[in-house]
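Here is what each chain is made of, one letter per residue.
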Amino acid sequence: MSRIVVVYRSKYGATGQYARWIAEALDAPLVEHAVMKPHRISDYDIVIYGGGLYAGGINGVELVTKNRCRSLIVFTVGVAVPEDTDYSEILEKAFSPAQMEATKVFHLRGGISYSKLSFLHRMMMTAMKKMIEKTPPEGRKSEDASVLATYGKDVDFSDRASIEPLVKYAKRLAGEGLPKGLH
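Summarised in this report is the structure supplied together with it. Because the structure is a prediction, the values reported are computed rather than measured. (Residues numbered from 1 in each chain as written. Predicted model: local features only at pLDDT ≥ 70, side-chain atom pairs only at ≥ 80, totals over all residues. Heavy atoms only, no water.)

Turning to helix H5 (residues 119-134), a few remarks are in order. Quick reminder: α-helices carry 3.6 residues per turn. Residues three or four places apart thus point the same way. The first and last C-alpha atoms of H5 sit 23 Å apart over 16 residues, in line with the 22 Å expected at 1.5 Å per residue. Of the residues making up H5, those classed as buried are His 121, Met 125 and Ile 132. Across the axial projection of H5, the buried residues extend over an arc of 40°, all falling on one side. Along H5, exposed side chains directed more than 90 degrees from the buried face belong to Phe 119, Leu 120, Lys 130, Met 131 and Lys 134. Structurally, H5 contributes buried residues whose contacts are with strand S3 (46-54), strand S7 (111-113) and helix H6 (142-150). (Helix = DSSP H or I, 4+ residues; strand = E, 2+ residues; numbered from the N terminus. Expected span 1.5 Å × (residues − 1). Buried < 20%, exposed > 50% of the residue type's maximum accessible area, 1.4 Å probe, protein only. Arc of directions from axis to C-beta. Contact = heavy atoms within 4.5 Å.)

Right, here's the structure in full:
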């Protein structure tokens, strides 16, 4: 198998949990964002980067967007239901069009723990809730329902089974199990 590394940045734990599951499934090294040296990114054939979604961005993604990756897979983790959420603005903000074309992105559902949120994040969530509540229901985005339903609660929607498409994609990209000449 090609050399794969799983790099992640996790503030409250859900992204770290997914990263551990992915690294285990791929028998790949797991490296925290703070430990990964930028110049080492190019040492790997496939970089899998995980970051939580905060304030319309992917936590720490600059590590892989500003350093060359041969093959890049990104997973995001947020509280919203991925199938009901439009991530296009977040992705356009994080990646150039060329990077987006060359990057496979997966969205995973994590959770939120208000008891662990920093003061700043609690204030941001309060402001977001107030903005959503001021918006007429017909004008709300689908992910707004997740914010309102989970506001002030500790919830965890993490699901190990949800990593399977990412793991299968990474294995296919690495050529694992493919006859020679097909990868």
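A complete count under the given rule lists 4 aromatic pairs for this structure. Positioned above the aromatic ring of Tyr 44, the side-chain terminus of Arg 3 is 5.0 Å from the ring centre. Note that Arg 109 overlies the ring of Phe 157, its terminal NZ or CZ placed 3.5 Å from the centroid. (Phe/Tyr/Trp six-rings, centres within 6.5 Å; stacked < 30°, edge-to-face > 60°. Lys NZ or Arg CZ within 6 Å of the ring centre and 35° of its normal.)

As a further point, take the layout of surface pockets. By volume, the largest pocket is sized at about 1300 Å³. In terms of lining, the largest pocket is formed by 45 residues, of which the most central are Leu 53, Tyr 54, Ala 55, Val 79 and Met 128. Among the secondary structure elements, those contributing two or more residues to the lining of the largest pocket are helix H1 (14-26), S3, strand S5 (71-78), helix H3 (88-94), S7, H5, H6 and strand S8 (154-156). When residues of the lining of the largest pocket are assigned to their parent elements, the largest contribution, 6 residues, is made by H5. Here the residues of the lining of the largest pocket sort into 19 nonpolar, 16 polar and 10 charged. (1 Å grid on protein atoms, 1.4 Å probe; cavity = no way out; pocket = protein on both sides within 12 Å on 5 of 7 lines; lining within 4 Å. Points joined across faces, edges and corners; volume = space filled by probe spheres on them. Nonpolar A, V, L, I, M, F, W, Y, C, P; charged D, E, K, R; others polar.)

Pairs can form between side chains of opposite charge whenever their charged atoms are close. If you walk through the whole model with that rule in mind, you get 4 salt bridges. A salt bridge links Glu 24 to Arg 160; the shortest N-O distance between them is 2.4 Å. Note that Glu 24 is positioned in helix H1 and Arg 160 in the loop between S8 and helix H7 (164-174), a separation of 136 residues in sequence. Classification of Arg 160 as partly exposed rests on a relative accessible area of 35%. (Salt bridge = Lys/Arg side-chain N within 4 Å of Asp/Glu carboxyl O.)

The next subject is the side chain of Thr 150. Tracing the chain through its elements places Thr 150 in helix H6. On the basis of relative accessibility, which here comes to 4%, the residue Thr 150 falls in the buried class.

Counting residues in each nonpolar core, the largest one holds 23 residues, and the members touching the most others are Ile 22, Leu 26, Ile 48 and Phe 75. When contributions to this core are tallied by element, the ones reaching two or more residues are strand S1 (4-9), H1, S3, S5, strand S6 (103-109) and H7. Considering each element in turn, this core owes the most residues, 7 residues, to H1. Leu 63, Ile 90, Leu 91 and Phe 95 belong to the second-largest nonpolar core, a separate cluster that totals 21 residues. (Core = buried A, V, L, I, M, F, W, Y, C linked by side-chain atoms within 4.5 Å.)

The next subject is the packing of H5 against H6. Any two packed helices are characterised by how steeply their axes cross, that is the angle between the axes, and by the distance between the axes. Two elements in contact, H5 and H6, have axes separated by 10 Å at closest approach and are oriented at 120°. On the basis of the axis angle, H5 is oblique to H6. H5 and H6 meet at a crossing whose hand is left-handed. Touching Met 125, Met 128, Lys 129, Ile 132 and Glu 133 of H5 are Asp 144, Val 147 and Leu 148, all from H6. Considered class by class, the residues forming the contact of H5 with H6 number 5 nonpolar, no polar and 3 charged. (Axes fitted to C-alpha atoms, helices over the stretch in contact; angles between N-to-C directions. Parallel < 35°, antiparallel > 145°, perpendicular 65-115°, else oblique. Left-handed = near helix turned anticlockwise from the far one by under 90°.)

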